[in-house]
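Single-letter residue listing:
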Amino acid sequence: MKVSKKVAGVEYAIRDIVLAARKVQQKGIKVDYLNIGDPVQFGFQPPDNVKQALIDAINKGENYYSTSEGLLELRQEIAKKENAKGLSISADEILVTNGVSEGLDMVISSIVEEGDEVLLPGPYYPPYASYVRLHGGVPVEFAVDLENSTPDIDDIKSKITSKTVAICLISPNNPTGVVFNEKSLKELVEIANQHNLYIICDEIYDQIIFDEKFVGIGKVAGDSPVIVLNGFSKVHLMSGWRIGYIAFNNSPKLDAIRENLPKLARVRIATSLPVQHAALESLKGPQNYISNFVSEIKKRRDLVVKRLNEMPGLSCPNPKGAFYAFPKIEDNRFRTDKEFVTKLLESKGVLTVHGSGFGEKYGSGHFRLVYLPSLEILDSAMNKIEEFVTQ
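All residue numbers refer to positions counted from 1 along the written sequence of the respective chain. Under the rules for a predicted model, residues below a pLDDT of 70 receive no local features and side-chain atom pairs below 80 are neither given nor counted, while totals for whole chains, interfaces and linings still include all residues. Side-chain numbers come from the whole structure's heavy atoms, not from hydrogens or water.

### A look at the overall build of the chain
Thinking step 1. Per the convention used, a helix needs a DSSP run of H or I reaching at least four residues, while a strand needs a run of E reaching at least two, with both numbered from the N terminus. The helix and strand tally for the chain stands at 15 helices and 15 strands.
Thinking step 2. Principal-axis analysis of the C-alpha atoms gives the chain an extent of 60 × 55 × 55 Å.
Thinking step 3. In this scheme, a residue with accessible area under 20% of its type's maximum is buried, one over 50% is exposed, and one in between is partly exposed, where area comes from a 1.4 Å probe on protein chains only. Burial status across the chain gives 59% buried among its 391 residues.
Thinking step 4. Any two residues whose heavy atoms approach within 4.5 Å at even a single point are treated as in contact. Contacts spanning at least 24 positions in sequence make up 75% of the contacts within the chain whose residues lie at least 6 apart.
Thinking step 5. Carbon and sulfur atoms provide 49% of the accessible area of the chain, an area that totals close to 16600 Å². Method for areas: the Shrake-Rupley scheme with a 1.4 Å probe, in which residue coverage is limited to the protein chains shown.

Below is the structure:
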């Protein structure tokens, strides 16, 4: 039977690699899963007041379709959060989605037509390229200095063509932990304005920052066509509940998409109403659990980066945010990063993700691992990786 050609371009290396891990487990080898950035799977849970808000909403009968745009009170709180980061918007500029992934799909499908190009930071989170391809577009990677957390402005300018429609940013970045500073964000916004491009900025890790203060793109957005994607999976530890949002900057250039994109929200009906009540509580309730979470993650980052940089044939920039390390493979015994990841899994039972799964041009020759597990598990996994690269 016929299958759409568009779906052939859809890849998700982070979960695709799990199939190989299952085969290894079937041989009786214990696998350390360092592939998925889900804090809840590693013992971090949303606070009790947030869980209770979900339960209360269900018990009170809040089990019907919400408005397609999302619960008004939630959108108001989201607007407050985004305004505190620099935007100046109301609840009307917020659309609640089933995770950031749905929001990304809605945005890309609203702006990309056959042959359109979208600039992505290299390396990038895989769904960005997949959704661009799915909607007939062409993902184009631009260079990022991983050591200094800066985009290569000249490279970006050289890759803008008459077909370019948007620049996507992920800050803090998955898979590298890069966090763009205010100067870089301002330069990117200026480029977008000069070429009449959308700026799509994913800030899902906005409060998971280790060494310096986070600057949101809202601070430099002005009246530029900036679209922010964010959600509750990472910072608010609600990954399995699937809730995110789109925030449109108050820009006249966004009038058309602001009018048309909500049609997609109406087609898919709504986001889970009980979960929206939980998200509302996560914004209004105590926030101290976030700083505690980040403090624990920073200890893990420091351990992993130190250990990796002590190993022969590997080097790892210090991630400024999120919970991923993206080491470079300098050992020439391995032809590809996928071979490195596969052999590491088969011989030591440590599951990571090949860097080329985050973009061939700038991801190749690296691998990604998450440092969410306990210090004990991470230390054991680092021992196994060290044994692997020194054998």
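### Brief notes about the sheet that holds strand β14 (residues 353-354)
Thinking step 1. Strand pairing follows a simple DSSP-based rule, namely that at least 2 bridges must link the two strands. Strand order in the open sheet formed by 3 strands is β11-β15-β14, with antiparallel pairing between adjacent strands. Only two strands of the sheet have a single neighbouring strand rather than two, namely β11 (324-325) and β14.

### A word on the domain arrangement of the chain
Thinking step 1. Along its sequence, the chain is carved into domain 1 (5-45 + 288-390) and domain 2 (64-284).
Thinking step 2. For every domain, the bounds stem from an assignment made automatically or drawn from a database. A straight line from the C-alpha centre of domain 1 to that of domain 2 covers 25 Å.
Thinking step 3. Buried area between domain 1 and domain 2, both sides added, is near 3300 Å², and the carbon and sulfur share of it is 62%.
Thinking step 4. For domain 1, the biggest contributors to the area lost against domain 2 are K320, F358 and Y362; these three give 22% of the whole.
Thinking step 5. Any carboxyl oxygen of Asp or Glu that lies within 4 Å of a side-chain nitrogen of Lys or Arg is treated as forming a salt bridge with it. Between R301 and D211 there is a salt bridge whose closest N-O contact spans 2.7 Å.
Thinking step 6. Two N or O atoms form a polar contact when they lie within 3.5 Å of each other; inside protein one atom must be a possible hydrogen donor and the other a possible acceptor, and for residues adjacent in sequence the pair counts only when both atoms belong to side chains. Here domain 1 and domain 2 share 15 residue pairs in polar contact (both at pLDDT 80 or more) between them.
Thinking step 7. Residue assignment for the side of domain 1 that touches domain 2 shows that the elements contributing at least two residues are α12 (288-309), β11 and α14 (360-363).
Thinking step 8. With 7 residues, the top contributor of residues to the side of domain 1 that touches domain 2 is α12.
Thinking step 9. Here the term charged refers only to Asp, Glu, Lys and Arg, the term nonpolar to Ala, Val, Leu, Ile, Met, Phe, Trp, Tyr, Cys and Pro, and the term polar to all other amino acids, Gly among them. When grouped by side-chain class, the residues that make up the side of domain 1 that touches domain 2 number 22 nonpolar, 9 polar and 9 charged. Note: buried area is the sum, over both parts, of the accessible area (probe 1.4 Å) each one loses when the two are combined.

### Quick word on the packing of aromatic side chains
Thinking step 1. Centre distance within 6.5 Å is the pairing criterion for rings of Phe, Tyr and Trp, where only the six-membered ring of Trp is used; planes under 30 degrees apart are then read as stacked, over 60 as edge-to-face, and the remainder as tilted. In total, this model carries 11 aromatic pairs according to the counting rule given.
Thinking step 2. Taken together, a centroid distance of 5.4 Å and an interplanar angle of 85° make the contact between Y205 and F323 edge-to-face. Note that Y205 is positioned in the loop between β7 (198-202) and α9 (218-221) and F323 in the loop between β10 (314-315) and β11, a separation of 118 residues in sequence.
Thinking step 3. An aromatic cluster is present here, built from F334, F340, F367 and F388 joined pairwise through their rings.

### Thoughts on the packing of helix α3 (residues 48-59) against helix α11 (residues 273-284)
Thinking step 1. Between the N-to-C directions of two axes lies an angle of 0 to 180 degrees, each axis being a line fitted to C-alpha atoms and, for a helix, fitted only over the stretch in contact. Contact pair α3 / α11: the axes reach a minimum separation of 8 Å and the direction vectors enclose 145°. α11 is crossed by α3, and the crossing has right-handed handedness. Side by side, α3 and α11 meet where N49, V50, A53, L54, A57 and I58 of the first sit next to P274, V275, H277, A278, E281 and S282 of the second.
Thinking step 2. Partitioned by chemical class, the residues of the contact of α3 with α11 number 8 nonpolar, 3 polar and 1 charged. We call a crossing left-handed when the near helix sits turned anticlockwise from the far one by less than a right angle, and right-handed when that turn is clockwise.

### With respect to the pairing of strand β4 (residues 138-145)
Thinking step 1. Most of β4 sits inside the fold, with 6 of its 8 residues counted as buried.
Thinking step 2. One ladder, built from 6 bridges, connects strand β3 (residues 117-122) with β4; its direction is parallel. Bridge pairing in β4 places P121 opposite F142.
Thinking step 3. Handedness of the β3-helix α6 (residues 126-134)-β4 crossover: right-handed.
Thinking step 4. Judged from the 2 bridges that link them, β4 and strand β5 (residues 150-151) form a sheet pairing that is antiparallel. Counted as the bridge partner of D145 is T150 from β5.
Thinking step 5. Remark: 4 residues form the turn of the hairpin made by β4 and β5, two consecutive strands paired antiparallel; S149 in that turn has positive phi of roughly 55°. With the strands aimed away from the viewer, a crossover counts as right-handed if its path from the first strand over the helix to the second runs clockwise.

### Description of the pattern of salt bridges
It is possible for side chains of opposite charge to pair when their charged atoms get near one another.
Thinking step 1. Counting across every chain of the model gives 25 salt bridges.
Thinking step 2. As a salt-bridge pair, D302 and R301 come within 2.9 Å of each other at their nearest N and O atoms.
Thinking step 3. The exposure class assigned to D302 is partly exposed, which follows from its relative accessible area of 33%.
Thinking step 4. Relative accessible area serves as the criterion here: at 2%, R301 is assigned to the buried category.
Thinking step 5. Of the charged contacts in the structure, one is a salt bridge between E339 and R335, with a shortest N-O distance of 3.4 Å.
Thinking step 6. Residues joined by salt bridges that share partners form a network here, namely K81, E82, K85, E203 and D206.

### A look at helix α4 (residues 72-84)
Thinking step 1. Between its first and last C-alpha atoms α4 spans 18 Å; for 13 residues at 1.5 Å apiece the expected length is 18 Å, and the two agree.
Thinking step 2. The set of residues buried in α4 consists of L74, R75, E77, I78, A79, K81 and E82.
Thinking step 3. Buried residues along α4 sit in contact with β2 (94-97), β8 (226-231), β9 (244-248) and α11.
Thinking step 4. Once α4 ends, the next one or two residues include G86, with phi positive near 130°. A helix's residues, less one, multiplied by 1.5 Å, set its expected span.

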